[in-house]
Amino acid sequence: MRSNSPGPARLRVASALVGITLALGACQSTPAGRLTAPQVETLQLQGFQLTDNGWELDLSEKVLFGLDEDAVSGERQLAVQRIGLALKAAGIERVRLDGHTDDSGSAEYNQQLSVRRAEAVAKVFAVAAFPPGNVVVRGLGKSKPVADNSTVAGRAENRRVAIVVTID
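This structure is a prediction, so every number in the text was calculated from the model and none was measured.

Trainee: Explain the overall build of the chain residue by residue, including any values.
Mentor: When helices and strands are counted, the chain shows five helices and six strands. When the helices and strands of the chain are read in sequence order from the N terminus, they spell out α-α-β-β-β-α-β-α-β-α-β. Residues counted as buried form 34% of the 168 residues belonging to the chain. Counting only contacts in the chain whose residues sit at least 6 apart along the sequence, the fraction spanning at least 24 positions is 73%.

Trainee: Which residues make up helix 2 (residues 37-45), and what values do they have?
Mentor: Among all positions in helix 2, only Gln-39, Thr-42 and Leu-43 are buried. Here the buried residues of helix 2 occupy an arc of 100 degrees about the axis, which is enough to place them on one side. Among the exposed residues of helix 2, those oriented more than 90 degrees off its buried face are Ala-37, Pro-38, Gln-44 and Leu-45. Looking at the buried side of helix 2, the elements it contacts are strand 1 (48-51), strand 2 (54-57), helix 3 (74-89) and strand 6 (160-165). One or two residues past the end of helix 2 sits Gly-47, with phi positive at roughly 100 degrees.

Trainee: Run through unusual backbone geometry, naming residues and quoting values.
Mentor: Not every positive phi belongs to a glycine, and Asp-68 is a case in point at roughly 60 degrees. Its place among the elements puts Asp-68 in the loop between strand 3 (63-64) and helix 3. Relative accessible area serves as the criterion here: at 47%, Asp-68 is assigned to the partly exposed category. In the Ramachandran plot, Ala-129 falls in the positive-phi region, its phi being about 70 degrees despite a non-glycine side chain. Along the chain, Ala-129 falls in the loop between helix 4 (107-127) and strand 5 (135-139). Judged by its relative accessible area of 45%, Ala-129 falls in the partly exposed class.

Trainee: Outline the side chain of Arg-96, listing residues and values.
Mentor: Within the secondary structure, Arg-96 is located in strand 4 (residues 95-99). What makes Arg-96 buried here is its relative accessible area of 12%.

Trainee: Break down the packing of aromatic side chains for me, citing the residues and quoting the values.
Mentor: On inspection of all chains with the given rule, the structure shows one aromatic pair. Between Phe-125 and Phe-130 the ring centres are 5.0 Å apart and the planes differ by 80 degrees, which places this aromatic pair in the edge-to-face class. One exposure class covers both Phe-125 and Phe-130, and it is buried. Seen from the ring of Phe-130, Lys-88 lies directly overhead, with NZ or CZ sitting 5.7 Å from the centre.

Here is what the cut-offs are and how they apply
Residues numbered from 1 in each chain as written. Predicted model: local features only at pLDDT ≥ 70, side-chain atom pairs only at ≥ 80, totals over all residues. Heavy atoms only, no water. Helix = DSSP H or I, 4+ residues; strand = E, 2+ residues; numbered from the N terminus. Buried < 20%, exposed > 50% of the residue type's maximum accessible area, 1.4 Å probe, protein only. Contact = heavy atoms within 4.5 Å. Arc of directions from axis to C-beta. Phe/Tyr/Trp six-rings, centres within 6.5 Å; stacked < 30°, edge-to-face > 60°. Lys NZ or Arg CZ within 6 Å of the ring centre and 35° of its normal.

As far as function goes, none of this settles anything; it's purely spatial.
And the structure:
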């Protein structure tokens, strides 16, 4: 009499097929350090652009500061919180904040000011539930201008904090 239950050979084959299927599925997952398509879409919707540094908030949305200021204005606080919450909702939990200055003042002073600016933005990110350990703060002083420092408008554009989502 023949049994309707699968024999040991069939069970081994079925188990092997399940194992292969699971292994192949794992190969299709996102590699560590890479962003998923929905995360990239979120970055693009927030105004980020892919640069050599990673995904960086484009110029029109950078956090700008007044001359010799390191406090984030109320309007900009809301914008930074909105960005932080959107990134968090997309599963992006690490950011880098690059503080910058114009070329007014000494290099040493501008370096310190750029760090204070980045730290001020980091405090706003903390409100959006980013743990301090997930936010890297860098002060770049006046070393990386994005506009001409010989004009008032150019200097204003250079007084900023760039929000960067790295892809490494």
